[in-house]
Amino acid sequence: MSHHYSGPDLGFPQGDPRLDFCDLYTFPKPGDARKSILVMNVHPSSTVSVDRSPDAAPTELTTSVPFAADAIYEIKIDTDNDGIADVTYRATFTPFVSGGQWATLRLIKGKDAGIAQGDGEVLVENLSVSLDAELTIGEGAGHRVFVGWRSDPFFFDPPSAFNGFDFSDSKDFFGDKDVCSIILEVPNSIFGAGKVAIWARTASKSSGTWVQTDRGALAAQSVFLTNDQREAYLKSDPVNDPAFIPVFAHSLEHLGGFASDAARDVAKGLLPDVIHYDATQPATYPTNGRTLTDDIMGPFLAIITDGKVTTHNLTHHDDLLVDFPYLGAPHVAFSARPAPVEAKA
């Protein structure tokens, strides 16, 4: 289900929903061919339940704190097709205090050399994180930035997927859900010339050392992975994705009934886990970028079921905005969310 619930047993990485990468969107700015929009969504607003029985445990709201202060959130861009980032947008956040949180956005150029606090050029700092419907937008060096709670544009029905891919009575689980968004308006010059590869990641220092906790771009890659392989995959990078082709192929044999050779061919098409994007062309998933209205799960279902299932009978949400930051207002008021985790100690 896209990248929501990337941890073991449909949970969160390290048990922290704020580290859970959900979706990545990349598309030209409407009405301005010189710029593009990058959207990184994290932190699902609710737990997930695949049980529809009357006595099923209800889903629960996650913490009100949008982002983790001991984490980094990055959108990474590979401009020369080697699977290694040449450009990185990095967002970091202050601890949540007195009902507020503030963000700093940095631009890091050059081959990815790991994580170091303070790297790169500061584009925007002390940007207030939006907690409700209000829009606080930062600007700097030709960029615009929004961070905060928004309506989740992803649409899918996980319980039907776990019920033998029977979408005859689909209900959009995400229709009333929220996410925490990092939304950038960037100059197209950042991509260089031609098509680039883009992905996102979260990393945490809660254990004392930096650990990559989640990453990705395409739909639902983690469903192919067992617990031990999932952790290795989420800590890895696209340049290393060929190593996971056998794992993906094995899952495709099980999920879709593929023959061994066919499963391996399909697995190769699912990796590396990046979105390819040419800013001079219209965006349409999966060939070029991803818009907020693209159906990514229909093509994904067709792939993993070997064409047996091609639709989930759902369409995009109707609360999108026509202007930046494009995602709709959150469904749940900040005051109705559970208490900040920092306040529980």
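Our subject is the structure that appears above.
Computed from a prediction, not measured in an experiment: that's the story for all the values here.

## Here we look at the overall build of the protein
Helix and strand counts for the protein come out as five helices and 12 strands. A globule of 345 residues ought to have a C-alpha radius of gyration of about 20 Å, and the protein, at 19 Å, matches this closely. Principal-axis analysis of the C-alpha atoms places the extent of the protein at approximately 55 × 50 × 45 Å. Counting the 345 residues in the protein, one finds 56% classified as buried. Summarising the internal contacts of the protein: among those between residues at least 6 apart in sequence, 64% fall at separations of at least 24.

## Considering helix H4 (residues 260–270)
Within the span of H4, buried status applies to Ala263, Ala267 and Leu270. The arc enclosing the buried residues of H4, seen along the axis, measures out at 55°, which places them on a common side. The outward face of H4, more than 90 degrees from its buried face, is lined by the exposed residues Asp261, Asp265 and Gly269. Where H4 is buried, its residues contact helix H3 (245–256) and helix H5 (297–304).

## A few points about the environment of Asp241
Relative to the assigned elements, Asp241 resides in the loop between helix H2 (227–234) and H3. Residues Asp241 and Phe173 lie 68 residues apart in sequence; the distance between their C-alpha atoms is 30 Å. What Asp241 contacts, discounting residues up to four positions off in sequence, is Arg215, Tyr233, Leu271, Pro272 and Asp273.

## Some words on the pattern of salt bridges
Should the charged atoms of two oppositely charged side chains come close, the side chains can pair. Here the structure, examined in full by the defined rule, presents 18 salt bridges. Where Lys111 meets Asp82, a salt bridge forms, and the shortest distance between an N and an O atom there is 2.6 Å. Of this pair, Lys111 sits in the loop between strand S5 (102–109) and strand S6 (121–128) while Asp82 sits in the loop between strand S3 (71–78) and strand S4 (87–93), placing them 29 residues apart in sequence. Each of Lys29, Lys35, Glu139, Arg144 and Glu185 takes part in salt bridges that share partners, so that together they form one network.

## Structural notes on the packing of H3 against H4
Contact geometry for H3 and H4: axes closest at 8 Å, N-to-C directions at 125°. One finds that H3 runs oblique with respect to H4. Viewed along their axes, H3 and H4 form a crossing whose handedness is right-handed. Across from Ile245, Pro246, Phe248, Ala249, Leu252 and Glu253 in H3, the residues of H4 making contact are Ser260, Ala263, Arg264, Val266, Ala267, Lys268 and Leu270. In the contact of H3 with H4, the residues fall into nine nonpolar, one polar and three charged.

Cut-off values and rules
- Residues numbered from 1 in each chain as written.
- Predicted model: local features only at pLDDT ≥ 70, side-chain atom pairs only at ≥ 80, totals over all residues.
- Heavy atoms only, no water.
- Helix = DSSP H or I, 4+ residues; strand = E, 2+ residues; numbered from the N terminus.
- Rg over C-alpha atoms; globule rule 2.2 N^0.38 Å.
- Buried < 20%, exposed > 50% of the residue type's maximum accessible area, 1.4 Å probe, protein only.
- Contact = heavy atoms within 4.5 Å.
- Arc of directions from axis to C-beta.
- Salt bridge = Lys/Arg side-chain N within 4 Å of Asp/Glu carboxyl O.
- Axes fitted to C-alpha atoms, helices over the stretch in contact; angles between N-to-C directions.
- Parallel < 35°, antiparallel > 145°, perpendicular 65-115°, else oblique.
- Left-handed = near helix turned anticlockwise from the far one by under 90°.
- Nonpolar A, V, L, I, M, F, W, Y, C, P; charged D, E, K, R; others polar.

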